[in-house]
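Here is how the chains run, residue by residue.
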Amino acid sequence: SMAGPERAAAADRLFSLSGLFAVYKPKGPTSAALLNRLKARLLAEAGVQANKNKRKKQILKIGHGGTLDSAATGVLVVGIGKGTKMLSTILAGSKKYTAIGRLGKATDTLDATGKVTEEKPYDKVTKGDLESVLQKFTGDIMQVPPLYSALKKDGERLSSLMKRGEAVEAKPARPVRVYSLSLQHFQPPLFTLDVECGGGFYVRSLVSDIGKELSTCASVQELTRTKQGPFTLEEHALHEDKWTIDEIARSLEHCMSLLPGEPSHKKFKTEDPGETAVSCE
């Protein structure tokens, strides 16, 4: 283990990290749980005991730029230090997903983690049917978010309320934007979509709505976010073995050069102070 001075240097380095980078989220943990794991890993490396020392300097500010469902995988953008102020622009920005949908089965969560609520035949659905339906979901459309989601009602997550068995009213439809939507494979009951969309878009709702439009039902079997803002899964998402202060420092340097506009040191000053970042629980 490290000697005192090395530890102190590691802690200084950790608390000076600032900006945006991306991590890979595997299947299983929630986005918030993954962020807590990242935070714990970094504090341990720096020899800082979480919450032991409440001096301002010792609070590691970290947040993410948009929840991925626990069953989903892929790019999760992380803000550290002053970078947490930049997360709202990432939330609003464009994202790319690859989704595998399953025809003939609806679930309460709209994905494979939920209880099956409906089964319908899908044998009449052709590849052509699917492709022509996709056009209806491209451009500026209205979408009802899923009942099980990270959205909140009176400060509580809808998914938490649902799990307690409380009645949750559907949120109203809201405008969302789909830049592109294409069918990659069709092997009934499974179909694979590539989607590029704006902020606030739910792929689970899209797949469910496609099922209804085809006079059957559908749910998400697998979901991967391949890109968020300028960050791609292949190039930028750090896997857990790279969650070290050095790797993240290197990644921050590279990632900050991808962002449009001013050199990174000015970026924070131009930020609107009224903007709030989504931080982890």
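Residues numbered from 1 in each chain as written. Predicted model: local features only at pLDDT ≥ 70, side-chain atom pairs only at ≥ 80, totals over all residues. Heavy atoms only, no water.

Asks: Just give me the short version of the nonpolar core, but keep the residues and values in it.
Replies: Among the nonpolar cores identified, the biggest contains 38 residues, and L20, F21, L38 and F231 are the most heavily contacted of them. Sorting the residues of this core by element identifies helix 1 (4-16), strand 1 (19-25), helix 2 (31-45), strand 3 (73-80), helix 3 (87-92), strand 14 (237-238) and helix 8 (245-256) as the ones contributing at least two each. Ranked by residues supplied to this core, first place goes to helix 8 with 6 residues. The residues touching L20, leaving out its near neighbours within four places in the chain, are V77, V78, G79, G83, M86, L87, I90, F231, L252, C255, M256 and L259. Among the nonpolar cores identified, the runner-up in size contains 29 residues, and V133, V178, C197 and A218 belong to it. (Core = buried A, V, L, I, M, F, W, Y, C linked by side-chain atoms within 4.5 Å. Buried < 20%, exposed > 50% of the residue type's maximum accessible area, 1.4 Å probe, protein only. Helix = DSSP H or I, 4+ residues; strand = E, 2+ residues; numbered from the N terminus. Contact = heavy atoms within 4.5 Å.)

Asks: Give me the lowdown on helix 1, citing residues and values where you can.
Replies: For helix 1, with 13 residues, the first-to-last C-alpha span of 18 Å sits near the 18 Å given by 1.5 Å per residue. Looking at helix 1, one finds that the buried residues are A10, A11, L14 and F15. Viewed along the axis of helix 1, the buried residues span an arc of 125 degrees, placing them on a single side of the element. Turned more than 90 degrees away from the buried face of helix 1 sit P5 and S16, all of them exposed. Among the structural elements, helix 2 and helix 8 are those in contact with the buried residues of helix 1. (Expected span 1.5 Å × (residues − 1). Arc of directions from axis to C-beta.)

Asks: So what's going on with the pattern of salt bridges? Which residues, and what values?
Replies: This structure, assessed with the given rule, holds 9 salt bridges. E222 serves as the salt-bridge partner of K27, at 3.8 Å between the closest nitrogen and oxygen. With K27 in the loop between strand 1 and helix 2 and E222 in strand 12 (residues 218-228), this residue pair connects regions lying 195 residues apart in the sequence. Under the relative-accessibility criterion, E222 is labelled partly exposed at 39%. Of the charged contacts in the structure, one is a salt bridge between R177 and D140, with a shortest N-O distance of 2.7 Å. Placement of R177 in strand 10 (residues 174-187) and of D140 in strand 7 (residues 139-143) is noted, with a sequence separation of 37 residues between them. Note on R177: relative accessible area 41%, which makes it partly exposed. The exposure class assigned to D140 is exposed, which follows from its relative accessible area of 57%. Residues joined by salt bridges that share partners form a network here, namely R37, R41 and E240. (Salt bridge = Lys/Arg side-chain N within 4 Å of Asp/Glu carboxyl O.)

Asks: Go over the UniProt feature "domain: tRNA pseudouridylate synthase B C-terminal" (unreviewed entry) in the chain with me, naming the residues and quoting the values.
Replies: The UniProt entry lists residues 204-239 under the feature "domain: tRNA pseudouridylate synthase B C-terminal" (unreviewed entry), expressed in the numbering used here. As annotated, residues 204-239 has a helix share of 39% and a strand share of 42%, and its two end C-alpha atoms lie 25 Å apart. (UniProt positions renumbered as here; feature names shortened; annotations may be inferred.)

Asks: So, unusual backbone geometry: which residues are in play, and what are the values?
Replies: Residue P189 is reached from P188 by a cis peptide bond, and omega for that bond is 5 degrees. On the secondary structure map, P189 appears in the loop between strand 10 and strand 11 (190-197). One non-glycine residue, L110, lies in the positive phi region at around 70 degrees. With respect to the secondary-structure elements, L110 resides in the loop between strand 5 (105-107) and strand 6 (116-119). For L110, a relative accessible area of 16% corresponds to the buried category. The backbone of S215 shows a phi angle near 60 degrees, a positive value even though the residue is not glycine. Positionally, S215 belongs in the loop between helix 6 (203-213) and strand 12.

Asks: Any details on the packing of helix 1 against helix 2? Residues and values, ideally.
Replies: To characterise two packed helices, one gives the angle between the axes of the helices and the distance between these axes. One can describe the packing of helix 1 onto helix 2 by two numbers: an axis separation of 8 Å at closest approach and a directional angle of 145 degrees. Residues R7, A10, L14 and F15 of helix 1 pack against L42, L43, A44 and E45 of helix 2. Class assignment for the residues of the contact of helix 1 with helix 2 results in 6 nonpolar, no polar and 2 charged. (Axes fitted to C-alpha atoms, helices over the stretch in contact; angles between N-to-C directions. Nonpolar A, V, L, I, M, F, W, Y, C, P; charged D, E, K, R; others polar.)

Asks: Tell me about helix 6, and please be specific about residues and values.
Replies: Judged by how many residues are buried, helix 6 sits mostly within the fold: 8 of 11 residues are covered. For helix 6, the full list of buried residues reads V203, R204, S205, L206, V207, S208, I210 and G211. Residues of helix 6 that are buried in the fold lie against strand 4 (95-103), helix 4 (127-134), strand 7, strand 10, strand 11 and strand 12. Backbone geometry just downstream of helix 6 places S215 in the positive-phi region, at approximately 60 degrees.

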